[in-house]
Amino acid sequence: MADFSIIGKRVALVDSAAKTTGQGKYADDLSLPGMLIGKILHSPYPHALVKKIDASRALALEGVVAVVTGPDAPNKYGILPVGHDETALAVEKVRYVGDNVACVVATSEAIAERALETIDVEYELLPAWFDPEDSMKAETDWIHPQRPNNVEKDYHHVFGDPDKGFAEADLVTEHRYIAAEVTHAAMEPHCTLASFEIDSLTGQPGRLTVWSSTQVPYYLQHKLSIVLELPMSQIRVIKPLVGGGFGGKSEVIPLEIIAAVAARKAQAPVKITYTREEVFWAHRGRPRTIIDLKTGVKRDGRITSVAAKVIQDGGAYCSYGVVTILYSGALLGALYDIPNIKYDGFRVLTNKPACGAMRGHGTVNVRFAFESQLDEIAVQLKIDPVVLRRRNLLKPPCVTVNNLRVQSYGLPECIEKVVERSQWTARKGKLPAGRGLGMACSHYVSGAANSIIRSDMPHSTVNIKIDRDGGVVVYTGASDIGQGSDTMVAQVVAEVLGISLARVKVVAADTDLTPIDIGSYSSRVTFMNGNASLRAAQDVKRKIAGAAARKMDCAPEDVIMRDDLVWKQGAFEPGSNGTGAESSAAAEKGTVQEVSGRVEGQTLRGSLQQKRKEEGPKDHMSFEEAVVSAIDFSGALSGTGSYAPPQDARGGAFKGAGVGPSPAYSYAAQVAEVSVDRETGEVTVHKVWAAHDCGRALNPVSVEGQVIGSVWMGMGQALQEEMVWKDGLLMNPTMLEYKSPSAVESPDVECIIVESVDPEGPFGAKEASEGSLAATIPAIANAIYDAVGIRLREAPFTPERVLAALRQMKREAKALEITRGADPTQPRTFREHGGSTWYKGKGPQRHEQDPARREHHAEAVAGDD
Amino acid sequence: MSLPAFKFFRPRTIEEAVEHLARHCANLQVLAGGTDLLPSMKQRLFAPAYLMDIRGIEELNGIHVRPGLGVEIGGLTPLSVVEDSELIRRDYRVLHEAAKTVASPILRNMGTLGGNICLDTRCVWYNQSLQWRRSCGFCIKKDGDLCHVAPGGKKCWAAFSADTPPALLCLDAELEIAGPRGFRRVPIKDFYTNIGDARIKLVHNEMLTRVILPEASSGWKGSYLKLRIRGSIDYPLAGVAVAVKQNGGPIEHARVAITAVNPAPLLVAAAEHALVGKHIDEHVATVVGELAAKTAKPLTTSALTPEYRREVVKVYAKRAVLAAGSN
Amino acid sequence: MRKELIELRVNGRTHELAIEPSELLLDVLRQELQLTGSKRGCDDSSCGACTVLVEGVPTLSCTMLAMSCAADGASAPEVTTVEGIADHGALAAIQKAYGDWGGAQCGYCTPGFMITVKALLDHNSHPTEEDIRHALSGNLCRCTGYTQMYQAIKAAIVAEQSARTT
C-alpha cells in the first residue's frame, strides 16, 4: 500500500467548525440591505388552464412591492436539453397541485403570505392523470401536447440474445415489483437570494448575483441565462453552505428562477425560502416504479438472461426523467455477468410534482427487484444466496454486454467481508424464530462519462494559486453539499504538494471565481473533480519542484515534497534528527522562524539569496522557500488541471447509450439482520453490515459517513418512507408525516471499506455516496423472507403489508382486509386507498368559507381593545 | 410560515387568565406548550384575535401530593416532568408509561399535561396548510362542508391523538376547570364528546387548570403501548392503556382505555368485567384485546389502514394487559 | 399589529427589541439578532433544527413566541443558542468531536444537535448508548444515520473527562 501523508487519514471536514458553531452561512442565513421576501402561490388543481390572474388586491396591500406571473418570464427551460418543458411560473396551464402560479414580493414574509390569499385566479379544469398505466392510455388532454399519450420517453434495448438466453435457462422467474415514491427531505429547505447590480455604464440593472442552495451552480447559471435572456457572463451563482441535497438540488428548482425574475421586477434583492410543504412539491425525488422482472438461470445459478419492463410515474415535468429511465436499464449491467438483457423503459407523465434524481438515481428500485428475485432463485435452486452471487461475478477488466467498461471491481471482496463480519455461514437459517439475515449487492457510477449537455468540454477544471506566503488557494467548481468535497479537494492538493491541510484554502462553487464544473450529482465529484484537483496540483508541483531542483542542484524528479518540506532524494532524510511528522513539523517551524521576514517579499528574497550564497546549494528547504524560489524563477505561481472521461469509457452508440457509462463503478454488498413481529407485522432492523468498494478511501471518516448515511436512507425507503398520494394530492407534505427515521429506530450500521484502487481514480478513488443505498432495500426484504418466509414485492414494507402477507401465507380468510385487498407479495398497481370527492366535484371554488373570501379579521381586532 | 397577527396576554394568576377568557371568549386561544397550537396557527387552522400564554401562572406547574385526595398535577406541568416524576412512576405507572411516549424529548419539555388532555383531534385532511386545504375544498372540521374520510357524512371523524388521556381514564382522573364562576371538577371520562370537531366539553370562557389522580388509583400496575411509525416524534396511530389493581391475588379493579382510533379517548367498557377476579394470563389478555378492538372505530384519518390499526389495538391491548401484570 | 418593546436575554446578553407579538423566537434570533445558527427545517415542530436552550431546557425556537421569552416583571429567561456553546472562542469538546468523528455532514441539523447533546451531557455525564439514542430522537438528521454522532458523543465525554482531570 502506498505511503500517503494526507490521503487515507481520518480528517475532519474543513468546514466542520463552521457547522458545529453555527457560524457557517446557508442561503437562508444571508440577507442584503433592502432585501424583499418572495412567496409563491401554488395551484390547487392538478390539471387546469389558467384563464386569468388578478393580483390587484394583492398589489394594493401596504408592503407588497410586486407580483410576478408567468408572462414575466415565459421562456422554457429544463435540466435536460430534451426536456425544456418548465417555465418559472405557469404560462398557460398548471400541471399538478402545487404548481407555481404567481409570486408576491413584499417587505416581510407575513405580508407576502397575506397577499397570496388575495390573488384571484380563474382556472378551467382539465381531466387529470394520476396513475402512470392509465396515463399511458390517455387519448386526449395530454399533460404536454408534444408528448403523445403522456409518455415522456420510452426505450427498448436488446443486448445479446435474451430469447435464446431464456430458452437455455433451467429456471425462469418472473414477477412484478412495485416501489413507492420517496423524496430527499434534505434538512435545509431550498432557498435562493437574487440581486441585480446597477451597471455603471448604462445606469440600468446589469449583473445578477444569485446565492442558492444548489448542487449545480453552473447549470443554474445556464438556465437563468435562458430564462432571463442574459448572457451567462452577466450572471454569478454562488453556492453557500448547502444543507443536504441527495439529488433534490441537482437541477434548477422553480424558486431559483422565480427569485431572479422577481428581483428584476421588484428592482430589489429578493429572497425566497421554501416552506417544507413547498419542498415536497418541488420534489424531484425517486418516482413510483413498476418493475416487471424476469430472470433466467442455469441449474448452477448462472444467469442466462434478464428482461425488465420498467414504468416510472414521473410527475408533470421531464426533469431528469429521461436519464432516470435509462439508468434503470443500463445499470442492470456492470454488477453481475449477464450475457443477455432486454429492457423496456417507460417514463410517464402524470399530474403530480416532477420526479428527478435521487441518491442512487434510477438504479434503486430496479435493484430492489433484481436482488429480491435473485434471493427467490436461490431459494428455488437451494443455493446459498452468497454462492449464487459469486457464480455470477464479472471478470474485469471487461466490457459488459451493454457496453459498460468495468475496471476495478471490489465486489468479491465486499461479499467476502460482509459474510465474514455477519457470521453469515454460521448464523443464516439458525437464528431464533422471527429473526433473519438477508443479503444483497449494488453498484453505482462514479460520475457519468457523458455530460447531460453534450460537449467536449472537461467535466471538471480546477485552478490553484500559490502566493509568496506559501498559502495554497484552490478554485474548484465542486459543490460541497455536506458530502465533504471541499475537504476531498484540499486533501488531494495537500497530498500532491506535500503540505499540511491547514495551508490549503478551498474556494468553491462561485461561477465568477471557479472554473466550470458540472456539479455535485451522480457521485462524480471525487472521481472527476478529484482528478482535476490532482492534475492542477501536479501542474503547480512541477513548477515548484523545478525551481527547488535548481536550488538544490538536482533533477526535478529527485525533488521530494512532503510534510511541508522539500528535499533532494537521498541527500536528506526528514526527521533524521527525530522521527515522524512531529519532528518534520518542528523542522518546518524552525525554518519558518529563520525566514520570519517572509511577509515582506523583498526582505525575504534578499535574506534568502544572502543565505543561499553563504550556504551554497542546499539539500532541503521549507515549502515556503520553494514557493518563493518558484515565483522568483517563473513569476506568478498557478496551476490548472481538468478532467474529461476517457473515450473508451463513454459507452455504445445505440439510442440512449449515453447514460450508464462511467469511468468507474463502486460496488457494495450488505447483510441485514431483522426481526419481524408476527402479530403486528412490525419490522426491526437490528444491524446492517455494509461493505463498499470506493476504490480508495481518501478520507475514511467521510466514506463511512456516506456509506452509513446511504444504508440508513435505504432503510427508510425499505420500511417507512413513502409519499402518499390521493388523486394527485400529496397527503404527507411535512416532516411529521413523511417518516424520515429518528435515532430510535435507526439501525446499527457497520461500514467496511474495501479498496480496489481504480486505475483512473484520483489515488484510486471511486464513489462512496450513493452505491450502497440500493442494496439495503433488498437486503432487508430478503432478511424478512429469511425471518418469516414472506416475499414482499412492494416497498415500503409497512407493518400492514407485512401482516397481510403473513396471514396470506397462513391462508387466513380475509387476510388482505388489512391492506384493503392489495397483496404486497403480488402487487399489481399503485393504490391510493381512501381518496376524496374533491376533484370529482366542482373543487375548491365552491367553498364560501374559504378564508380568502372572508374579510381579514384585522379590523375586528383593531376595533376591539 | 408566519403566524397570523394577534394580541398577546401573559397572565400571572388564574384569576387574571379567567378575566381575559371572560372578556374575549371565542376570540381568545390559550397557549400552553404551544407544540400543537403554534404549528396549527401557521397552517391557519386557528387565527385567534387574542393569544394568552398561561405559562406564567406558576401555581399550575408542578406535581403535589394532596393527602386524602390523591395527587394533583398542574395543567402546565411539562410532560417531561410527569415522565421523570418518581412519584408518578411508582404510584401511577400507566401515566408514566404514556407520558414517556409522547412525541419527542424536546416536545415533552415544551408540551404540558393540560395541553395533551386538550389536544385538538387530528386528520390528514385537516392538519395541512391553508393552501393545501384549499386544494381539497376544505373539510367539515375547518372552513368546509364535506368529510373526505366518510364522504356524505356530516360528522367529523378526526382522531383524538393524545397519549396521556387513556392513561388518565384508566386512573379515573378528575379535571379541574376554571371559569367565570370559579372552579368545577369533571371526571375525565365525561370530558370528551367523541365528535371530531367539538372534541371537549370546555366552554370558551373556561380553561383546564389541574388534573387530580385519585388516591384510590394509587399503586395500580399499568402499561401503555403506542403504535407509531417512528420510535419518536410521531403522534399515536393507536394507543392502549391498561391499569390493574392487584394485591398478590386476582385482579381487584381494572380499566382499559384506547386512543387515536376514535374522535375521543375511550374506556373499553367491558374490559373491567373481563379482568376483575381473574389472574392475568394469555387468555384473559386476548379477551381484552377483542373487546378493545370492538371499541376502536378507526378511519382513514392517518397513516396505515384503519383495518390494520384496529388489529393492532387488539394485539397491543393483549400485550398491555400482560405487561401491566408483570410490572 | 403594533410592535411591542421587549427584553430578551440571549447567550448572556440582554437585547431590547421591538417586535410583533406573532414573531417566533427563531425568527427574532435569526433576523433581529443575526444569530443564524438556529435553523428552520420544518414548519410543524418536528425536526429539531431550531433547538435552543431556554433556562437550560432544550426548546424548539420555532414553536416559541419571542414574547413568551421576554422579561416580564422578573428577569428574562436565559436563551442559549448554538452561538453560545463555544468555549471562550474555542470549540467545545462536543463541537470538536462532531467534526472529528463525522457527526456533522451537511451541518444543517448540527446546531440543534449541539444544543440537545449539551443538555444531555449537562444532566447526565455518563449516558448509555440507549440514553443517547433517546435523547437525540427529537432531532432529525438526513445525512448521517446518526451512527457517527454516537461515536462523537462518546469521544466528547472522554475529552471532557481528561480535560477535567488535567
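Enquirer: Where do I start with the overall build of chain C in this structure?
Expert: The helix and strand inventory of chain C stands at five helices and five strands. Secondary structure elements of chain C occur, N-terminal to C-terminal, as β-β-α-β-β-β-α-α-α-α. Expected size for 166 residues packed as a compact globule is a radius of gyration near 15 Å; at 16 Å, chain C falls within 12% of this value. In terms of its C-alpha atoms, chain C occupies a principal-axis envelope of roughly 50 × 35 × 25 Å. By sequence separation, contacts in chain C at least 24 residues apart represent 59% of the contacts at least 6 residues apart.

Enquirer: What's the story with the sheet that holds strand β10 (residues 205–212) of chain A in this structure? I'm lost.
Expert: Within a beta sheet, neighbouring strands are joined by backbone hydrogen bonds and run either parallel or antiparallel to one another. All names here are of chain A. An order of β3-β5-β1-β12-β9-β10-β11 is seen for the seven strands of this open sheet, with the pairing classed as mixed. The open sheet has two free edges, formed respectively by β3 (64–69) and β11 (235–238), since each of these has just one partner strand. Direction aside, the axes of adjacent strands within the sheet are offset by 20 degrees on average. The pairing of strand β1 (residues 36–42) with strand β5 (residues 100–106) spans six bridges and is antiparallel. Looking at the pairing, I40 lines up with C103 of β5.

Enquirer: How should the environment of E130 of chain C be read in this particular structure?
Expert: Residue and element names in this part refer to chain C. With respect to the secondary-structure elements, E130 resides in helix α4 (residues 129–136). Using a count of 9 C-beta atoms within 10 Å as the deciding quantity, one classes E130 as exposed. As for E130 and E83, which are separated by 47 residues in sequence, their C-alpha atoms are 28 Å apart.

Enquirer: Would you explain the interface of chain A and chain C in this entry?
Expert: It is common to give the size of an interface as the accessible area lost on bringing the parts into contact. Opposite the 43 residues of chain A that make contact, chain C presents 42 residues. Counting residues per element, the ones that place at least two in the side of chain A that touches chain C are α1 (16–21), α19 (700–719) and β30 (748–754) of chain A. Top element by residues in the side of chain A that touches chain C is α19 of chain A. It accounts for eight residues. For the side of chain A that touches chain C, the class distribution of residues is 19 nonpolar, 17 polar and seven charged.

Enquirer: What am I meant to see in the sheet that holds strand β2 (residues 48–54) of chain A here?
Expert: All names here are of chain A. The three strands are arranged β4-β2-β6 in an open sheet whose pairing can be described as antiparallel. The open sheet has two free edges, formed respectively by β4 (93–94) and β6 (120–125), since each of these has just one partner strand. Pairing analysis gives six bridges linking β2 to β6, with the strands arranged antiparallel. In the strand pairing of β6, K52 is matched with E122.

Enquirer: It is not clear to me how helix α10 (residues 364–381) of chain A should be interpreted in this structure. Could you clarify?
Expert: Each full turn of the α-helix corresponds to 3.6 residues, which orients residues three or four apart in the same direction. Residues and elements named next belong to chain A. In a regular helix each residue adds 1.5 Å, so 18 residues correspond to 26 Å; α10 covers 25 Å between its end C-alpha atoms and thus fits that length. Among the 18 residues that make up α10, 14 are buried, leaving the element largely enclosed by the rest of the structure. Once α10 finishes, K382 follows within two positions and takes phi at roughly 55 degrees, a positive value.

Enquirer: How should the nonpolar core be read in this particular structure?
Expert: Nonpolar side chains in soluble globular proteins tend to end up buried together. With 458 residues, the main nonpolar core has I258, V493, I780 and I784 of chain A together with A292 of chain B as its most contacted residues. No other element matches the 13 residues that helix α15 (residues 525–552) of chain A contributes to this core. When sequence neighbours within four positions are dropped, the list of residues in contact with A292 of chain B reads V240, V256, I258, V268, A271, V313, K314 and A317 of chain B.

Enquirer: Is there a simple way to explain unusual backbone geometry in this structure?
Expert: Apart from glycine, the bulk of residues carry a negative phi angle, and the bulk of peptide bonds sit in the trans form. All names here are of chain A. Following P396, the chain continues to P397 via a peptide bond in cis, the omega torsion being 0 degrees. Positionally, P397 belongs in the loop between α11 (385–390) and β16 (398–399). Here A795 and P796 are connected by a cis peptide whose omega angle stands at 0 degrees. Mapped onto the elements, P796 comes out in the loop between β31 (794–795) and α21 (799–809). Notably, Q423 is not glycine yet its phi reads approximately 50 degrees, a positive angle. With respect to the element layout, Q423 can be found in the loop between α12 (411–421) and α13 (424–427). What makes Q423 partly exposed here is the crowd of 13 C-beta atoms within 10 Å. A positive phi angle, close to 55 degrees, is found at K814, a residue other than glycine. If you trace the backbone, K814 turns up in the loop between α21 and α22 (858–864).

Calculation criteria
- Residues numbered from 1 in each chain as written.
- Chains lettered and ligands numbered in written order.
- Predicted model: local features only at pLDDT ≥ 70, side-chain atom pairs only at ≥ 80, totals over all residues.
- Helix = DSSP H or I, 4+ residues; strand = E, 2+ residues; numbered from the N terminus.
- Rg over C-alpha atoms; globule rule 2.2 N^0.38 Å.
- Contact = placed C-beta atoms within 7 Å.
- Pairing = 2+ DSSP bridges.
- Axes fitted to C-alpha atoms, helices over the stretch in contact; angles between N-to-C directions.
- Buried ≥ 20, exposed ≤ 12 C-beta atoms within 10 Å, placed from the backbone.
- Nonpolar A, V, L, I, M, F, W, Y, C, P; charged D, E, K, R; others polar.
- Expected span 1.5 Å × (residues − 1).
- Core = buried A, V, L, I, M, F, W, Y, C linked by C-beta atoms within 7 Å.

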